[in-house]
Each structure stands twice: as structure tokens, then as C-alpha cells.
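Notes for the structure review
Below are the chains, spelled out letter by letter.
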Amino acid sequence: MVAFIAKRLLSAIPTLLAVLTVLFVIIRIVPGDPAIAILGDNATAEAVAALRERLGLDHPLYAQYRDFLLMIAQGDLGSSMATGQPVWDEVRSTLPYTLELTIASILIGIAFGLPIGALAATNRNTIIDYAARIGSLLGLSFPAFYTAILLILAFSIELGWFPVISQGVPLTDVGNRLYNLALPAISQGLIMVGYVARASRSSILEVLGEDYVRTARAKGLDPRVIILRHVMRNALIPIVTVVGLYLGLLIGNSVLTEIVFNRPGIGKLIVEALSQRDYTLLQGLMIVFAFFIVLVNMLTDIAYGLIDPRVRRQ
Amino acid sequence: MRANRASIAIATIVAGILLLTAAHAQDRVVRLADGSQGAGQLDPHLSTKSQDVILFGMIFNGLVRFKPGSINPADIEPDLAASWESSPDGRVWTFHLRRGTQFHHGHGEMTADDVVYSLKRAADPKRSAVSSDYREFKTVEALDPYTVRITLEKPVPSLLGLVANYQGGYVISRKAAEKLGENFKLSPVGTGPFAFAEYKTDQYVRLVANKDYFRGRPAIDAIVMGYIPSGASRELAFKKGEIDAFLGRREGRWVSRITLTPRLEVDVFGPGELRTLHFNMTVKPLDDIRVRQAIAHAINRDELRALFGKDVTSTAISPVPNDYLGQTNDVPTYPRDLAKAKELLAQAGYPNGLKLSAIISNNEALLRPMQVIQEQLRRVGITLDLDVVEHAAFHAQIRKDLSPLVLYGAARFPVADAYLTQFYHSASIVGTPTAVTNFSHCKVADAEIDAARSETDPVRQQQLWAAAQRKIMEELCAIPLFEQLQVWGRRDTVHYGFLLKGAMSLGPLFTEASTIAE
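Residues numbered from 1 in each chain as written. Chains lettered and ligands numbered in written order. Predicted model: local features only at pLDDT ≥ 70, side-chain atom pairs only at ≥ 80, totals over all residues. Heavy atoms only, no water.

Considerations on the overall build of chain B
Cut-off, in case you're wondering: Numbered from the N terminus, helices here are DSSP runs of H or I no shorter than four residues, and strands are runs of E no shorter than two. We compute the radius of gyration over the C-alpha atoms and compare it with the globule rule, which gives 2.2 Å times the number of residues raised to the power 0.38. Here the term buried applies to any residue with accessible area under 20% of the maximum for its type, exposed to any over 50%, and partly exposed to those in between, with areas from a 1.4 Å probe on protein chains only. Only heavy atoms matter for contacts: two residues are in contact if any of them lie within 4.5 Å across the pair. We count Lys and Arg on the positive side and Asp and Glu on the negative side, and we leave His and both chain ends out. Taken as the charge centre is NZ of Lys, CZ of Arg, CG of Asp or CD of Glu, depending on the residue.
Each helix and strand counted, chain B has 15 helices and 19 strands in total. Against the 2.2 N^0.38 benchmark of 24 Å for 518 residues, chain B shows a C-alpha radius of gyration of 25 Å, consistent with a compact globule. Projecting the C-alpha coordinates of chain B onto the three principal axes gives extents of approximately 85 × 70 × 35 Å. Scored against the burial criterion, the 518 residues of chain B give a buried share of 61%. Within chain B, residue pairs in contact and separated by at least 24 positions form 69% of the contacts whose partners lie at least 6 positions apart. For chain B, the distance from the average site of its 60 positive side-chain charges to the average site of its 58 negative ones is 4 Å.

Quick notes on the overall build of chain A
Put simply, the rule reads: Only the protein chains shown count as covering a residue, and every accessible area follows the Shrake-Rupley method with a 1.4 Å probe.
A count of helices and strands for chain A gives 13 helices and zero strands. In terms of principal-axis extent, the alpha carbons of chain A reach across some 85 × 55 × 35 Å. When the accessible surface of chain A is totalled, it reaches about 14800 Å², and 68% of it is carbon and sulfur. Averaged over its 24 positive side-chain charges, chain A has a centre that lies 15 Å from the centre of its 22 negative ones.

What about the pairing of strand β16 (residues 405-410) of chain B?
Residues and elements named next belong to chain B. Where we set the bar: Pairing between strands is defined by DSSP: at least two bridges between them are needed.
β16 sits mainly inside the fold: six of its six residues count as buried. Bridge analysis of strand β12 (residues 264-279) against β16 gives six bridges, and the strand direction is antiparallel. Residue pairing for β16: R275 is matched across the bridge by G409.

Notes on the packing of helix α10 (residues 223-260) of chain A against helix α12 (residues 279-307) of chain A
Any two packed helices are characterised by how steeply their axes cross, that is the angle between the axes, and by the distance between the axes. All names here are of chain A. Our working rule: Every angle, taken between N-to-C directions, lies between 0 and 180 degrees, and every axis is a line fitted to C-alpha atoms, over only the stretch in contact when it is a helix. Every angle not falling under 35 degrees, over 145, or within 65 to 115 is termed oblique; those three ranges are roughly parallel, roughly antiparallel and roughly perpendicular. When residues are grouped by polarity, Ala, Val, Leu, Ile, Met, Phe, Trp, Tyr, Cys and Pro land in nonpolar, Asp, Glu, Lys and Arg in charged, and all others, Gly among them, in polar.
Put simply, α10 and α12 touch, their axes get as near as 10 Å, and they point 175 degrees apart. As the angle between them shows, α10 and α12 are arranged roughly antiparallel. Between α10 and α12, the residues in contact are R233, L236, I237, V240, T241, G244, L247, G248, I251 and G252 and F289, F292, I293, V296, T300, A303, Y304, L306 and I307, respectively. Classifying every residue of the contact of α10 with α12 by side-chain character gives 13 nonpolar, five polar and one charged.

A look at the confidence of the model for chain B
Residue and element names in this part refer to chain B. Condition: Along the chain, pLDDT gives the predictor's confidence residue by residue, from 0 to 100.
Scored by pLDDT, chain B has a mean of 91; 95% of the residues are at 70 or more. Of the regions scoring below 50 in pLDDT, residues 13-25 engages in six contacts with residues more than four places distant in sequence or in other chains. If you check the scores for this complex, the pTM reads 0.82 and the ipTM reads 0.76.

Considering the nonpolar core
We apply this condition: The criterion is simple. A nonpolar core is a set of buried Ala, Val, Leu, Ile, Met, Phe, Trp, Tyr and Cys residues joined through side-chain atoms within 4.5 Å.
Residues L55(B), F95(B), I150(B), L277(B), I295(B) and F510(B) are the most contacted members of the largest nonpolar core, which totals 171 residues. Membership of the second largest hydrophobic core comes to 34 residues, among which are L57(A), M81(A), F289(A) and A129(B).

Overview of a nonpolar patch on the surface
All names here are of chain A. This is how it is decided: Candidate patch residues must exceed 30% relative accessible area and have no salt bridge, after which like charges are joined if within 9 Å and Val, Leu, Ile, Met, Phe, Trp or Tyr side chains if within 5 Å. Basic side-chain nitrogens of Lys or Arg form a salt bridge, by our definition, when they fall within 4 Å of a carboxyl oxygen of Asp or Glu.
On the surface, Y130, I134, L138, F142, F145, Y146, L150, L153 and L256 cluster together into a nonpolar patch covering about 800 Å² of accessible area. Going through the elements one at a time, α6 (127-141) and α7 (144-158) are the ones with two or more residues in the nonpolar patch. Tallying contributions element by element places α7 first for the nonpolar patch, with four residues. Looking at where L153 falls in the secondary structure, it is placed in helix α7. For L153, a relative accessible area of 37% gives the class partly exposed.

A short note on the pattern of salt bridges
Residue and element names in this part refer to chain B. Counted by the stated rule, this structure contains 44 salt bridges over all chains. A salt bridge links R491 to D244, with the shortest nitrogen-to-oxygen separation between them at 3.7 Å. Residue R491 is located in strand β17 (residues 478-491), and its partner D244 is located in the loop between α6 (231-240) and β11 (245-247); the two are separated by 247 residues in the primary sequence. Here D244 falls in the buried class, since its relative accessible area comes to 3%. K284 is the salt-bridge partner of D287, the closest N and O atoms lying 3.3 Å from each other. Salt bridges here are not isolated pairs; linked through shared partners, they connect R249, E251, R253, E364 and R368.

As for the environment of L386(B)
Residue and element names in this part refer to chain B. In this structure, L386 sits in strand β15 (residues 382-389). Spatially, the C-alpha atoms of L386 and Q371 are 8.2 Å apart, while their sequence positions differ by 15 residues. Setting aside chain neighbours within four positions, we find L386 in contact with A358, I360, M370, Q371 and Q374.

Quick notes on helix α8 (residues 289-298) of chain B
Helical geometry: 3.6 residues make up each α-helical turn, so side chains three or four residues apart lie on a common side. Residues and elements named next belong to chain B. Stated formally: Whenever two N or O atoms come within 3.5 Å, that pair is a polar contact, provided that in protein one can donate a hydrogen and the other can accept it, and provided that, for residues adjacent in sequence, both atoms are side-chain atoms.
Of all the 10 residues making up α8, eight are buried; the element is thus mostly covered by neighbouring parts of the structure. All buried positions along α8 are accounted for by V291, R292, Q293, A294, I295, A296, H297 and A298. Regarding α8, its N-cap is D288, as a side-chain oxygen of that residue lies 2.8 Å from the backbone nitrogen of R290 further along.

Thoughts on the interface of chain A and chain B
Reports of interface size often rely on the accessible area that becomes lost once the parts have come together. Quick reminder of the rule: Two parts placed together each lose some accessible area; with a 1.4 Å probe, that loss summed over both constitutes the buried area.
With 48 residues of chain A at the interface, the matching set in chain B holds 55 residues. Taken over both partners, the interface formed by chain A and chain B buries close to 4300 Å², and the fraction arising from carbon and sulfur atoms is 55%. The tally of links between chain A and chain B comes to one salt bridge. Here E390(B) ties to R277(A) by a salt bridge, and the two come within 2.4 Å at their closest N and O atoms. At the boundary of chain A and chain B, one finds nine residue pairs in polar contact (both at pLDDT 80 or more). Counting residues per element, the ones that place at least two in the side of chain A that touches chain B are α2 (34-39), α3 (45-55), α7, α8 (174-208), α10 and α11 (266-275) of chain A. Classifying every residue of the side of chain A that touches chain B gives 24 nonpolar, 16 polar and eight charged.

Observations concerning the sheet that holds strand β6 (residues 137-144) of chain B
Strand pairing within a sheet occurs via backbone hydrogen bonds; the two strands may be parallel or antiparallel. Residue and element names in this part refer to chain B. Across the sheet, which stays open at both edges, the four strands sit in the order β4-β5-β7-β6 with antiparallel pairing between neighbours. The open sheet has two edge strands, β4 (81-86) and β6, and neither has a second partner. Recorded for the sheet is a direction-independent mean angle of 20 degrees between the axes of neighbouring strands. Sheet topology places β4 next to strand β5 (residues 92-97); five bridges connect them, and they run antiparallel. Bridge pairing in β5 places E85 opposite T94. Against the sheet, helix α3 (residues 112-122) engages β5, β6 and β7 (147-152), with an angle of about 170 degrees to β6.

Re the side chain of T328(B)
All names here are of chain B. Summarising the element assignment, T328 is placed in the loop between β13 (313-315) and α10 (338-347). Within polar-contact distance, the side chain of T328 engages the backbone nitrogen of D330 at 3.0 Å. Once residues within four sequence positions are removed from consideration, T328 is found in contact with S318, A466 and Q469.

Section: helix α15 (residues 458-475) of chain B
Residues and elements named next belong to chain B. Counted only if it meets this: Between the first and last residue of a helix there are one fewer steps than residues, each counted as 1.5 Å, and that sum is the expected span.
For α15, with 18 residues, the first-to-last C-alpha span of 26 Å sits near the 26 Å given by 1.5 Å per residue. Among the residues of α15, Q461, L464, W465, A466, A468, Q469, I472 and M473 are the ones counted as buried. Where α15 is buried, its residues meet α13 (416-424), α14 (446-453) and β17.

With respect to the side chain of S158(B)
Residue and element names in this part refer to chain B. Counting through the fold element by element, S158 comes out in the loop between β7 and α4 (159-162). By relative accessible area, S158 is classed as buried at 16%. Excluding its chain neighbours within four sequence positions, the residues that come into contact with S158 are F413 and V415.

Observations concerning the environment of Q167(B)
Within the secondary structure, Q167(B) is located in the loop between α4 and α5 (174-180). As for Q167(B) and V130(B), which are separated by 37 residues in sequence, their C-alpha atoms are 7.4 Å apart. Apart from residues lying up to four places away in sequence, Q167(B) is in contact with N42(A), P44(B), H45(B), T48(B), V130(B) and D133(B).

Given below as C-alpha cells:
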């Protein structure tokens, strides 16, 4: 398993390098001057030129790229052009918020999506199945920001249970942290419920048609045992694929959730870095982002091995 | 066991809520919400961005200040300087500082040394975004710890404006700036009623009351400026009671709707941002004045004002915003007249109309009026192709002279010279080393603008500014369209302590006199 992980990590290096190069080029092609974005539109051309010089933006592109790669090779993400704060510090302070939101959304997605999918599959073409399918479709169809606003109106304004804006709370303040996390996690989790429910329904339906399930039924096994022991395990591979695939999307979706709930996080920071043309901060954040996508893919592969021994043997 | 765990979790949540509530009850905190993503650089000489400028007015002082709630230069009053005098020719100004004014966080007494350091810094293009405003400063000296003398190369239109609580006029702690270096922009140290306490990236800036403030301890304990980009979230957070004041939409319909919210008051105040359509007069067909006149006659400014609502806009006639010192409406005007517009186009050799293009920001405040203009021009046969780009890209591209038509909105220091110099003087033409925002390449009023700048007779100075405005409108370098005012919503328990008619900080200003009721 260690060799497998090491191999996957090594193969991630070219991917990261490609992502970094594409990002480095694209952000500099996009029109917009970091110096104007930082100083404001009232700044004089002299001040803009002075700042460009100080930020090293007057150097040739290849020199900037070389410096950038050298910095990354040393494990240094540099400092934000706008604030001067080390990018690592910015990542450290916001990453936990994005991670906890993503993990909580995944947990909600699995906790509700899997049973709903199983229920729909085992009650195919009944009212339960129709309700589950329509419900999951609604979960997927509502834009994240729309669901978020509806949840805020219902649970924050009408019922007053949760805050509208989820300002940052220290990690040690667990209760308050969970209180602030609840609504954004539900908002994002609803999308995941939709994905997981649909994926698990079709996957379970497929397994239910297998010969060994028919045999188990013929042997008179308890239907619950058939579902839990024989069907679920075999149906999990496609579900894990969906979860892994959409985990990346979920991190991307977190931008909207973070903006509507005004929650600190990587997504919100990326938007800010982009609007400010803060090249170094954006590059640093995208490295973290790309790393997580690679990590999620690797964890998905490992999960295959854990679920299905045949994958390990291969 | 499970039940116990659940009870502990619920108890923790409840305790957290109670603690937060208790903390709120103890402190008189005003929670504001701006619409930006976060603070930029909290260095008053470096940042001209509205989300930073709004805080500077509370952290720093100038030698003089606009009377709180006013943006009228005639209302300028003493601030860090208790008094001042100038030489008869207006070239030498001596300021006598208040004694005992303390910088925040124990950075010591503010003296002439700090003032000299701050003004020299404001004049340095490497450390200031507004250095060109100070180009006429010859020397700034400390005659003694409480006296500062400024000597000018030649008189400037409003020296007091350059040392007021606005942009380069803010006085910072020399000790703190030298000690903190680059980090000063994240730990600013001033003398204002509120001291910087904390910045959480993307979340909020927290200011705390300066107990040693020379005008007395503020009645408010802290100000938290939160950054909530979503307008809907700001409104909902207000309704839930999580914020006390917030940036509103600068639209009459929004104002009418939001005023129905219980316990909410809306402040509509200056300075208005003058929306102007600038013509690049060096490119065809805009180099022909008849084409510019045709466009001016085709535009319906009432329709444009109606787009945002008359409550939050005002008419614009002159190329200088209303109420600026030296502004005049005695300028040539171009009322809507479609027949005349078509006739002018025919005279210019375009009887069948013509095609124009413009780069425009995706920012609604610029995009929407530009789309209305596009439709209005279509009525006289002018096809306007719009290239809609992201806001930062828009600013970069218009400064590279890439857009023949530029719709721009801005508020500047309320003296005619500021607007005339930055938008209509040849030294400010975009693409030049001294460029600011002269998108039209206008240079017809250079002589009047220069002469007014060094004119010591206020009456003659105003005549020169008026002449400059007339020339700009005769030549039609640009068409002033309308002014859009600032809009903020506030809980009725929050009181500024003065009537908010205007704030150079482009947002609500809190002073030692501001209060929040329980």
C-alpha cells in the first residue's frame, strides 16, 4: 500500500507542474493590472509603475516563471501581492473552514443519499422511488446560492435557529464552530445527497439483478441482510467513484456557499485573489486546490482497494 | 452514554450562544458590512480603494478636517493642527499642532516630525498612490516639535485639502511606519478616534475605541467592518440583527423597498460619483466634433437617471461634479434632439449612421447605463458594440487607451482643480508617464487649469475654472451624464452624532460623538 501511495504521489508531480504552468500563463494573459487593482483606480501612473517594479512585474515573463518555480521547489508559496502576508499563513487560516465544510457536506450526502438511493432501488417504480428521484433531481437542479438563500430565509430569519453570516470562529470553540457550519453544510450537502442518491439507486438496482442476489433470496435470507451484506458492498464502487468525482466539484461549489454565508474559505479567497489580480496568492491557492484534487483521486483509488479485494490483487 | 454526549454537545452550543450574546451586551459595538471581498492595504497613502478609504477616516487624522458629515471645503476645520497661517502669496503655510495628541498603541505623542514624515511620504511615488497631488511641495519642515512649515513651488488651489483627512493628508506615526515597514499596511497606526485592532483576511477589520483620543473617548467601544460581497446576505444579516449598518444598492427601487424594513434608516449622501462618457478625440470618427455633438444630442439623461432612480442620483451638467468648489453649470449643454443628432451625423459624412465600439466593465453601475446609451444611440443610427470585461480588466484596458468611448464614474477631492486636472489636463492623458484618467486626450483647457492652480485671488480662480469647464463642454471632450450618490442602510439605534450629508471616506463615518443605543 505504501508503494502504491508513493507511486500515486510521484505521478501527481507532472500534473501539478502542468496545472501551475497553465495557471501561471493564463492569469498573466487575462487583462488586468495587479498594481491598479491594489492601489485603486485613483492611483497615478507613476505610483502604478513604482508598484509594478516593487512586485517584480516589470521582469520578463520567463524570469517571473523561473523565480516562481524556484520558489515552489523550495516549498515557499511566496507572499500575497496585495497584503504582503505569507500565502501559507492565508492558506493555514482558511483551509480548515473549506475542509470542514466539504467533509460535513460529504457526510450529509452519504448519510442521507445512500439510504434514499437504497430505498428507491428496493422499491422500484413505487411512490417511494418516484419521490426519491424527484427529490434528488431537485437537490441537483437548485443552484447552490439559491438553496443557500432559501435556507437562510427559513432557518435564520423565520425560525432564528442559525446565523446568516458565518464569521470565522477559532477551532477550539467547537460548539460555536458547529453552529456556524450547520447551515452552509446542509446547503452544500443537499447537492451531494442528490448525487449520492441517484448514483446509489442505479448501482444498487444493477447489483439487485445479479444471480447471487437471486440465489440469496432463494435461500430465504432476510432482505435486510441481502441489502447490507451482499448488495451494498458490491454497489459501493460506483458510489465511491461518484463521491470522489464530486468531491472536487464540491470544493469548487464551496465558493458560492462561502460567499452567500460569508464564510471564510479557500473558494472565497480565490475569488478575492482573482479580482485583485493577486498572482502569488492565486497561484498558492491553486496549488493547494490541485493538490487536494490529486489527493482525493488517490483516496478514491485506495477506497476501491479496501472495498474490493480484487482491485488490491490487480 | 449517548444521551450524555448529546446533552454535552447541546450545552456547549447553548453556552457558546450565551457567551456571544453576553459579550455583545457588554460592548457597544457597531457592526458594519461592506460589499467588497476584503480590505486591501490599510495604508492611507497607498490605497485609494473605497473599502480601505472608509476605514482611514476613523483611524487617522489630518492637520485639518472636513466637518463630520460635510464634504464642503468651506467647512474645513482644525484637526491635528490647532491653527495655521499662510503667507500673502499663498506659498508658505505654517501649522501649529495640538499638544499631547497620542498615537495608538503607545506609539507616543504626535509631533511635527510625524507630520513632515507623512507629507514627504505622500509625495513619494514609491510610497504613495497620490504623489502627484503633492508635486508643488518644495519643502516640509519641522520648525519645532509643534510647528510645521510647508513651502510650495507655486500656490495650489486648496492647500488645506492636501493636509485634510483625505488620502495623502492623513498623518501616520513615523516610529510605527519605520518599525513595521511593509507590515504597516496591515497594522496601521494613527491618532483617530478608533485604533486598528485586528484584520481577519476576507472576514473583518476590527477597530477599537481610542481611549486617549484628543477630542474625548468615543462612546462606541468597537467597530467591526465585515466584508459581505453578497447584497442579499447583507440584507438578511441586517434583518437577523447580525449587523448594524450595511452598504446598500444605489438604486431608487432598492431604497423604496428596503425602507419598509422595520427599524432601518437609509442614508443617501455625497460625494456623488459623476458618471461621464469620455470620447477619445484622437481616433476616427470621434475626432470630428459633429459626431461627438450628435452622440450628445442622442443621449437622454433623464432616461439614464430613471434607470437608477431620482432618489439616489442627481443631474450633471458640468464636467465637474455638483457642489465642488469652482463648479459651474454655466456651460454649453446638449439637450436631447434626435433630429439634430441625425443632421450632425449627415454633415459629418455619416448619413446612414456609423459603428462605434467600447470596452465596458461588467460592474452593474457602469454596464447598465452603457447598455441604455447603446440603445439610445441606435435610435439615431449609431451601432455601439460593447466589449464587456471583468472590472479589473476594464481598468487596465482603458488606461492603455484601448476604448474609444469610456464610461467612467468617480468622486474626487471636492475642488474643481482635482477633476479638471485628472480628467481634462494634457498631463493626465492615458498612456503617458504622468497619466491619470484623461481618456479623451482633452487639452483645450490646460491654460485655464494651470492659471487657476496658481491664482491667489479666489474670485479670479473661480472664473478660470468656469472658463475651463466651458471650453471642455464646447469642445465636448466628454458628456457628463448623472451623479450617483452613496447609499447605506443603518439600524435606527445607530447615530453618527452629526447629519450625514457627505463623507470623503465614501461611507458612514464614526467619531467620538457617534453612539449606539441598547
